[in-house]
Amino acid sequence: MSRKTSVRHFEENLSELETIVTQLESNQLSLEEALKAFEKGVKLSQDCQSVLTQAEQKVQILLETNEGERLENFDPEPEQ
């Protein structure tokens, strides 16, 4: 799966997960429907977590590869 595909897949899963959460919070689903939605939500959550873990590992590899360079914390409002 290419990077663009995995990002798109992640975004689609996250959107679907948000929809499921909204449905579950609405208390409009029957118990059976709620259980199915919850099961699907758990699967989507695991898929999203997997993509995030892979991204974190890639960042870690990049940081280790560029030992001499150091990242600094981002300051959205620099001192003047």
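See the structure above.
Residues numbered from 1 in each chain as written. Predicted model: local features only at pLDDT ≥ 70, side-chain atom pairs only at ≥ 80, totals over all residues. Heavy atoms only, no water.

Just checking my understanding: could you explain the side chain of N13 for this structure?
For N13, the location among the structural elements is in helix α1 (residues 3-26). Residue N13 is classed as buried on the basis of its relative accessible area of 7%. In this view, N13 contacts L44, D47 and C48; residues no more than four positions away in its chain are not counted. (Helix = DSSP H or I, 4+ residues; strand = E, 2+ residues; numbered from the N terminus. Buried < 20%, exposed > 50% of the residue type's maximum accessible area, 1.4 Å probe, protein only. Contact = heavy atoms within 4.5 Å.)

Would you take a moment to explain the environment of E18 for this structure?
Here E18 lies in helix α1. By relative accessible area, E18 is classed as partly exposed at 49%. As a C-alpha pair, E18 and G41 span 23 residues in sequence and 8.8 Å in three-dimensional space.

Please explain the pattern of salt bridges as it appears in this structure.
Side-chain pairs of opposite charge can arise whenever the charged atoms involved come near each other. By the definition in use, this model includes three salt bridges. Ionic pairing is found between D47 and K43, a salt bridge with its closest N-O pair at 2.9 Å. Placement of the pair is D47 and K43 together in helix α2 (residues 31-65), with a separation of four residues, close to one helical turn. Judged by its relative accessible area of 23%, D47 is partly exposed. (Salt bridge = Lys/Arg side-chain N within 4 Å of Asp/Glu carboxyl O.)

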